[in-house]
Each structure stands twice: as structure tokens, then as C-alpha cells.
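# Structure assessment
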Amino acid sequence: MVQKRTLDTFFQPPSQKKAKLEDQPAHSTATTSQPASTHKTYPFAVPQFPDSIQEILISSTPAAEGKSITHLQDLDLLYFQPFIPKSIENELFNFLRSKLFFYRVKYKIKRGPLETDINTPRFTTVFGLDETSKFGPGGGGSGGGGEILDTKSGVKVPVDKYKKCVCEPRPIPACLDQLRQITEVFTGSSYNFCLVNYYAGGNDSISYHSDDERFLGPEPAIASFSLGARRDFLLRHKPPKNGEMLGDEDSKVLKYPLVSGDMILMRGKTQANWLHSIPKRKGGEVDKGRINITFRKAMVPGGTANYYQYNVGVGEVYKWNPLSRQMEPWTDHGKSPS
Ligand SMILES: O=C(O)CCC(=O)C(=O)O
Ligand SMILES: [Fe+2]
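Since this is a predicted model, take the numbers as computed values, not measurements.

## A few points about helix α2 (residues 51-60)
For α2, the complete set of buried residues consists of Ile53, Gln54, Ile56 and Leu57. At its buried positions, α2 is contacted by α3 (86-99) and α4 (174-187).

## Some details on the UniProt feature "domain: Fe2OG dioxygenase" (unreviewed entry) in the protein
The UniProt record marks residues 190-299 with the feature "domain: Fe2OG dioxygenase" (unreviewed entry), using the residue numbering of this structure. Across residues 190-299, the secondary structure splits into 4% helix and 42% strand, with the terminal C-alpha atoms separated by 11 Å.

## A short note on the site of ligand 1
Every residue lining ligand 1 is accounted for by Leu195, Asn197, Ile206, Asp211, Ser224, Ser226, Phe233, His276, Ile278, Asn292 and Thr294. Here the residues of the shell around ligand 1 are counted per class, giving 4 nonpolar, 6 polar and 1 charged.

## Comments concerning the nonpolar core
Among the nonpolar cores identified, the biggest contains 59 residues, and Leu92, Val126, Phe193, Cys194, Tyr198 and Leu265 are the most heavily contacted of them. Ranked by the residues each element gives to this core, the list is headed by strand β10 (residues 193-199), at 6 residues. Not counting residues within four places of it along the chain, the set of residues in contact with phenylalanine 193 comprises Val126, Gly128, Phe295, Arg296, Lys297, Ala298 and Tyr307.

## Topic: the environment of asparagine 203
By the secondary structure assignment, asparagine 203 is in the loop between β10 and β11 (206-209). Judged by C-beta crowding, with 13 C-beta atoms within 10 Å, asparagine 203 ranks as partly exposed. Between the C-alpha atom of asparagine 203 and that of arginine 281, which follows or precedes it by 78 residues, the distance is 6.6 Å. Non-local contacts of asparagine 203, meaning those with residues more than four positions away in its chain, are made with Pro121 and Lys280.

## Quick notes on the sheet that holds strand β15 (residues 263-266)
Strands sit in the order β3-β4-β15-β12-β17-β10-β7 across an open sheet of 7 strands; the sheet is antiparallel. Of all the strands in the sheet, just β3 (67-69) and β7 (123-128) have a single pairing partner and so form its edges. Each adjacent strand pair in this sheet contributes to an overall mean axis angle of 20°, direction not counted. Across 4 bridges, the pairing between strand β4 (residues 77-80) and β15 is antiparallel. The residue of β15 that forms the bridge with leucine 77 is methionine 266.

## So, the sheet that holds strand β16 (residues 274-278)
With respect to topology, 4 strands assemble into an open sheet ordered β11-β16-β13-β14, the strand pairing being antiparallel. The open sheet has two edge strands, β11 and β14 (254-258), and neither has a second partner. In this sheet, neighbouring strand axes are inclined to one another by 15° on average, regardless of whether the strands run parallel or antiparallel. Strand direction decides the pairing type here: β11 and β16, joined by 2 bridges, are antiparallel.

## Some remarks on the UniProt feature "binding site: substrate" (unreviewed entry) in the protein
The sites that carry the UniProt feature "binding site: substrate" (unreviewed entry) are, in the present numbering, Asp212. Mapped onto the secondary structure, aspartate 212 falls in the loop between β11 and β12 (222-228).

## Quick word on the confidence of the model for the protein
For the protein, the average pLDDT comes to 91, and 88% of its residues sit at 70 or higher. In the predicted structure, residues 16-28 sits below a pLDDT of 50 and forms 12 contacts with residues beyond four places in sequence or in another chain. This prediction of the complex comes with two scores: 0.92 for pTM and 1.00 for ipTM.

Conventions we followed
- Residues numbered from 1 in each chain as written.
- Chains lettered and ligands numbered in written order.
- Predicted model: local features only at pLDDT ≥ 70, side-chain atom pairs only at ≥ 80, totals over all residues.
- Buried ≥ 20, exposed ≤ 12 C-beta atoms within 10 Å, placed from the backbone.
- Helix = DSSP H or I, 4+ residues; strand = E, 2+ residues; numbered from the N terminus.
- Contact = placed C-beta atoms within 7 Å.
- UniProt positions renumbered as here; feature names shortened; annotations may be inferred.
- Near = placed C-beta within 6 Å.
- Nonpolar A, V, L, I, M, F, W, Y, C, P; charged D, E, K, R; others polar.
- Core = buried A, V, L, I, M, F, W, Y, C linked by C-beta atoms within 7 Å.
- Pairing = 2+ DSSP bridges.
- Axes fitted to C-alpha atoms, helices over the stretch in contact; angles between N-to-C directions.
- pLDDT = per-residue confidence, 0-100.

See the structure below:
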């Protein structure tokens, strides 16, 4: 494991000169010395974390050592309880819920002759590019910059390289990118995608699935953060192939009640052999809302297309409304109609 000192020197400490965030409510004391992230693909700018969050992230993560969970067949987890220190998990949750843009993705699936409409039962958003490309310098916005470049040559990619994407790929905003870099240091893996789920209440969920798409390559490492309401994370072994039998222990459902600040790294043979889910729940604190952040590494453009299709889609933008305390469709009132 890398020493804390390495992180301190790796990241620029927030500067002494503090600029008040333009869009902070008047009563807020949160300050940051760094500019918000902008890009031509963003509906609105995403601020950098306030210094209060950055300083603790840099100096005090992970808050606990990761526990290795490998006692069942093909299972390889590293569980940080928690990764994010208790002193900032709530501020971090509130920050991300109110500053990011989200979507409620609808899509169709075909099973034989039947087409079914799917409404994703949670809010989602995604940032990143697969390994074959990278974002160039510059925030973008109306001034340009933040162009998609070929990873190897550094040259702008052909205009049709990402034509299969439902929207243009988006760079990871500075705040989430800081968490990505810290996660890389403490998991020993690298990531180029950040997916965010928001489960507004107990009816929001993700059904049993595995994240073993070909575009992630073999044995992908996926770092999964929980913020906000406690929710059960269930894991069960996939039915074994070619008539094999699972042992009694290996066929049980595992349940981890993930709390705010926890991080589970799923790696090795886990995705190929296990399914995971966040089932619907009633009561408890589910209506406080929960954010899940996953960092992953996609290898090819097909992965980029897939992630934008299922996590951004073609529908409207949602933003947290602090008065109604819910996600609401967001419109750009500031711009004149074109
Ligand atoms: O919300 C979670 O903890 C899990 C999310 C998940 O499995 C996914 O986005 O693939
Ligand atoms: Fe997943």
C-alpha cells in the first residue's frame, strides 16, 4: 500500500487564497481555491470539492484498511469500512447530489420478437473515455478545448470515432477525478470511467447483474463507493456451467449492508462468476437517498458507447432541487432559445 505522504505530494494542496464558489448558497461557508469544471457537453459547470473535503480526502483516506474477502469460490473483494472518513461523508454526499447532473434512462430490449420498454429504476450519470482516447487540455465550454485525442498519437480523433455514442463523451469533472486518482493509489488499478447512481428511495434499485462486459477486459477491477442511506448489497454465485455443483456455502446469498463512506473493490474472477444487486427496500433510512460511484476501466470505444447509452441516454437532465428536496427536470433558463 502506498504511503499517505505520497498522496500529499501527489496532489496540489488547496491554495491559501480562497475564492468563494459562485453558486454557493449565501449561508454556506464552503470555499474552494480551484475553478469549476466546464465542458461543451456539460449542461452546467461542476464545482471542485470545497477545501474542507479535499483536505480530508488527501490526508485521511482510506479511513480504514481494506479487508480482503476471498473465502468463497471465485470471489475476490476488498472491503473498506469505511474508505471516506466519517467527518466528510455527509458533506461529500450532499455536494455530489446537488452539483451533478443526472438522467433517468429509458431504453428498449428485444427478447425474440418482443420489444420491452425499460425504465432504469434509479438516476444515473457517467463520465470518461476508453483507453484508446483521452481528453485534450482546456475546459471546453464555448471557448473550445477538451477535445477527444488519440491516446497514442495525441492527434484529434476522426469525427466519426464515437458516432455510436448517444451523446458526446464527457470528461470526469475535477472533483470526481480527484477521488478517482486517490482510488487508483489505494487499489493498485487504473480507471478511466466514473459511473454515478442515485437511489432516491427504496423503490430505486439495481437488479442482479455482473459487470463483466468484454470491453472491460478480463478480470476487471471495479471500485464501488457508497454515500448516504444504508442499502443492502447482495452477491450470489452465477449458476455453474457444465453441470458442476456449488458447495453449500458458495450457493448462499451474501449480504453487505453498505453504509455511507464504504467502498467495495470487486476484482479478479468476481465479475465473471458472481452477480450483485441493490434490491428495493422499505423503511429505515432509504428515503435519505444513496449515491453509488463506480470507477472502471474500459478498453475500447464500444465500452464508451455502452456506458453513455445506459447512463445518459437521450432524455432530459435532472438536478437536485434543495427546496423540494428531490431530483427535478433541469432547464437552461439562462440561455436564449435557438
Ligand atoms: O449501487 C451499488 O452499490 C451497485 C451499482 C452497480 O452495481 C452498478 O452500477 O453496476
Ligand atoms: Fe454493478
